[in-house]
Amino acid sequence: MKDLNYFWEISGLKINYSKTQVVWIGSMKYSQNELCTSLNLSWGKHNFSYLGIDFDVDLSKMIRLNYDKKILEIESLLKQWSKRNLTPIGRITVVKTLALPKLIHLFSSLPNPDSRFIKKLDNLFYSFVWQKPVGKVKRETLVKDYFEGGLKMICLKPFIKSQKCTWVRRLINNKKLQDTLAFYGIDSDLLENTGAKNIEKSMNVCTNPFWKDVLSAWKEIVSLNIEYTWEYFLNMPLWFNEKIEIENDVVFYKDWYDKGVHIVNDLLDEAGEFFSLTEFQKVYQIRTDFLKYYGLIKCVKQYSQQFGKNATSPIKNCYPSIPNNIKIFFKHKKGSKDMYLILRKNLTEPTNKMKIMEKFGVTNDEMKLIYTLPFKTTTNSRAQWFQYRINHLVLTTNYFLEKIKLVQSPLCTFCNIQPETIIHLLWECEEVQILLENFDTWTSSTAHITLNYNCKTFVFGIFDVRNCIVQNKILLCIKYYIYSSRCLKKVLSLQALKHKLNDLYCTEKNVAISKQNQEQFEKEWNSWHFLCLY
């Protein structure tokens, strides 16, 4: 306290004793002893808050103390938002922008929460998204990107690991952090330039639970971040690499490493050929024997065959020598998105993807277009959610409701003849076909416009996104009208459809005006001005 007072006299920064707490740690962590009683300090505290983290003298309590407190806040937040009439797309936005940020600081500052907490939080998020315990689309699909059939819902475990990996970026350029790891017997320079086996070895040495979580996440990144390109091959670490083994064990020659031999690229000359033993010894000033050198070269060449090139042919040495371990941190200076995407990959395909591909003869690339079309066609989350349910064959119909005993008949609401499947309801039904014929007649006679669509393009959208954005908006509006009429048990009417299309036109126009984008609107909707009835 005397030293701090000297600091006050020099800097003018004075301690507020009334707000100062003194906490016993270590072997005296629960002691009631007080020192310097004349200063009126607050003694006997077992926990305190600092920079958004609740600390406890018993470190084992800190994780639950912080995470359990936050989960109560999140439960309260989601309960408030549950009262609003949002689509699952809107609720996912609430989770990602309001609920998850409450935990990011904890994920990046504390050891990982236990599986109990992650499971509870996962169930809390998905119960909020679906407003019930069971969802219409499996979780592994929902967390994917749009083109993969997902809604970009957060996947908690990869997200937590990606937050931990941001510490590796700090570690690369921060000497103090490197010294911190050195305290636990870990060489950070080796971590950057060697393979996953060395990270695993460091995990076994490390006793700090936080850094152990960081190393575990990074090991997973290194193991998953595999690209079958020559750039990746040339920048692959030689040491502690599971892909380069001699007698079923990883290799590490410390004298070579100290001389700067770290990656495959270091074994190649300017022409892209492997050094001869004499050249290698001359370049790196390393004394080694024939068997040791060519044994390593043979292993490297064997692995190179997985990249589809003859290992004996020259490999052009033209790439920057950045080890693959840390290359990911050079893409962006901040954030964890790159790490998250790597950790999240290899999830299963959407359940009904193969059914659509087989029934409509759709290719895998066309399925990506089908999945992304709703989000390129409109910004209306209700329309997006409607088309999303069609794309995943989870739109509620009588055929499904009869299976779960909620209605007595699976027959179509309009024709009452055939079972009401999604395809029948939106295309095959006689009443729907009459409506579409009347619509085609109206557009042809009014503006000489003919929309060329069939079952596939009507149900899933026209794949030519750039030139058919307005057509896709109109087709989506027609489908939404058909399904709304089915839910309200109303008869299909061209006049009612005209009013829906008029609403669509006016909404798009008002949005364009608000964004000062009238010129683009006029260009896109030039042929469809007749939709405006007023």
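Please refer to the structure placed before this passage.
Residues numbered from 1 in each chain as written. Predicted model: local features only at pLDDT ≥ 70, side-chain atom pairs only at ≥ 80, totals over all residues. Heavy atoms only, no water.

Asker: Sorry if this is basic, but what is going on with the overall build of the protein here?
Answerer: Of the regular secondary structure elements, the protein holds 27 helices and 4 strands. In terms of its C-alpha atoms, the protein occupies a principal-axis envelope of roughly 85 × 80 × 50 Å. Looking at the protein as a whole, 46% of its 534 residues are labelled buried. When contacts within the protein are restricted to residue pairs at least 6 apart in sequence, long-range pairs at least 24 apart make up 63% of them. (Helix = DSSP H or I, 4+ residues; strand = E, 2+ residues; numbered from the N terminus. Buried < 20%, exposed > 50% of the residue type's maximum accessible area, 1.4 Å probe, protein only. Contact = heavy atoms within 4.5 Å.)

Asker: What should I look at first to understand the environment of Pro133 in this one?
Answerer: With respect to the secondary-structure elements, Pro133 resides in the loop between helix 5 (115–130) and helix 6 (139–142). Residue classification places Pro133 among the exposed residues on the basis of a relative accessible area of 71%. On a C-alpha basis, the gap between Pro133 and Cys429 in space is 34 Å, while along the polypeptide they are 296 residues apart.

Asker: Help me understand helix 4 (residues 101–109), please; the structure alone is not making it clear to me.
Answerer: Counting along an α-helix, one turn takes 3.6 residues, and residues three or four places apart therefore face a common direction. Considered for burial, the residues of helix 4 that qualify are Leu103, Leu106, Phe107 and Ser108. Elements that come into contact with the buried residues of helix 4 comprise strand 2 (53–56), helix 2 (62–81), helix 3 (88–99), helix 5, helix 7 (156–173) and helix 11 (209–224).

Asker: Please clarify how the packing of helix 25 (residues 469–488) against helix 26 (residues 494–514) should be interpreted in this entry.
Answerer: Helix 26 packs onto helix 25 with a crossing angle of 135° between their chain directions and a minimal axis gap of 10 Å. Classified by the angle their axes make, helix 25 and helix 26 are oblique. Viewed along their axes, helix 25 and helix 26 form a crossing whose handedness is right-handed. Taking contact as the criterion, the partners of Lys473, Ile474, Cys477, Ile478 and Tyr481 in helix 25 are, on helix 26, Ala496, Leu497, Lys500, Leu501, Leu504 and Glu508. Among the residues making up the contact of helix 25 with helix 26, the classes are represented as 8 nonpolar, no polar and 3 charged. (Axes fitted to C-alpha atoms, helices over the stretch in contact; angles between N-to-C directions. Parallel < 35°, antiparallel > 145°, perpendicular 65-115°, else oblique. Left-handed = near helix turned anticlockwise from the far one by under 90°. Nonpolar A, V, L, I, M, F, W, Y, C, P; charged D, E, K, R; others polar.)

Asker: What should I look at first to understand a negative patch on the surface in this one?
Answerer: Negative charge collects at one region of the surface, where Glu242, Glu245, Glu247 and Asp249 lie side by side. In this fold, Glu247 is placed in the loop between strand 3 (245–246) and strand 4 (249–250). For Glu247, a relative accessible area of 76% corresponds to the exposed category. (Patch = residues over 30% accessible without salt bridge, like charges linked within 9 Å, V, L, I, M, F, W, Y side chains within 5 Å. Areas by Shrake-Rupley, 256 points an atom, 1.4 Å probe, with all protein chains shown as cover. Salt bridge = Lys/Arg side-chain N within 4 Å of Asp/Glu carboxyl O. Lys, Arg positive; Asp, Glu negative; His and termini not counted. Charge placed at Lys NZ, Arg CZ, Asp CG, Glu CD.)

Asker: Would you mind showing me how to read the packing of aromatic side chains here?
Answerer: Aromatic ring pairs: the centre-centre distance and the angle between the two ring planes describe each pair. Using the criterion set out here, one finds 40 aromatic pairs in the structure. On the basis of an interplanar angle of 75° and a centroid distance of 5.9 Å, the ring pair of Trp167 and Trp211 is categorised as edge-to-face. Here Trp167, found in helix 7, pairs with Trp211, found in helix 11; they are 44 residues apart in sequence, far enough to count as distant. The exposure class of Trp211 is buried, given its relative accessible area of 6%. An aromatic cluster of at least three residues, connected via ring pairs, comprises Trp239, Phe240, Phe252, Tyr253, Trp256, Tyr257, Phe275, Phe280, Tyr284, Phe290, Tyr293 and Tyr294. Between the NZ or CZ atom of Arg170 and the centre of the ring of Trp167, over which it lies, the distance is 4.3 Å. The aromatic ring of Phe360 is capped on one face by Lys359, whose charged end is 6.0 Å from the ring centroid. (Phe/Tyr/Trp six-rings, centres within 6.5 Å; stacked < 30°, edge-to-face > 60°. Lys NZ or Arg CZ within 6 Å of the ring centre and 35° of its normal.)

Asker: Sorry, what's going on with the pairing of strand 2 here?
Answerer: Two elements, strand 1 (residues 47–50) and strand 2, share 4 bridges in a ladder whose sense is antiparallel. Residue pairing for strand 2: Phe48 is matched across the bridge by Phe55. Where strand 1 folds back on strand 2, the antiparallel hairpin that results is connected by 2 residues, among which Leu51 adopts a positive phi of roughly 50°. (Pairing = 2+ DSSP bridges.)

Asker: Would you take a moment to explain the packing of helix 7 against helix 11 for this structure?
Answerer: Working note: a packed helix pair is described by the angle between its axes plus the distance between those axes. Across the interface, helix 7 lies against helix 11 with an axial gap of 8 Å and an inter-helix angle of 100°. Classed by the angle they form, the pair helix 7 and helix 11 counts as roughly perpendicular. Where helix 7 abuts helix 11, its residues Lys161, Lys164, Cys165, Trp167 and Val168 lie against Phe210, Trp211, Asp213, Val214, Ala217, Trp218, Glu220 and Ile221. The class makeup of the residues in the contact of helix 7 with helix 11 is 9 nonpolar, no polar and 4 charged.

Asker: Which parts of the structure should I look at to understand the pattern of salt bridges?
Answerer: Opposite charge on two side chains permits pairing when their charged atoms draw close. Throughout the structure, instances matching the rule amount to 16 salt bridges. Note that Lys161 and Glu220 form a salt bridge whose closest N and O atoms lie 2.6 Å from each other. Remark: Glu220 occurs in helix 11 and Lys161 occurs in helix 7; sequence separation between them is 59 residues. By relative accessible area, Glu220 is classed as partly exposed at 26%.

Asker: So what exactly am I meant to see when it comes to a nonpolar patch on the surface here?
Answerer: A cluster of nonpolar side chains, Phe48, Tyr50 and Leu51, forms an exposed patch at the surface whose accessible area comes to about 340 Å². Here Phe48 lies in strand 1.

Asker: Quick question: what am I supposed to make of unusual backbone geometry here?
Answerer: In most cases, non-glycine residues show a negative phi, while peptide bonds are predominantly trans. One non-glycine residue, Gln131, lies in positive phi territory at about 60°. Tracing the backbone shows Gln131 in the loop between helix 5 and helix 6. Unusually for a residue other than glycine, His448 sits at a positive phi of about 55°. Relative to the elements of secondary structure, His448 occurs in the loop between helix 23 (430–447) and helix 24 (455–460).

The analysis is restricted to geometry; functional conclusions fall outside its scope.
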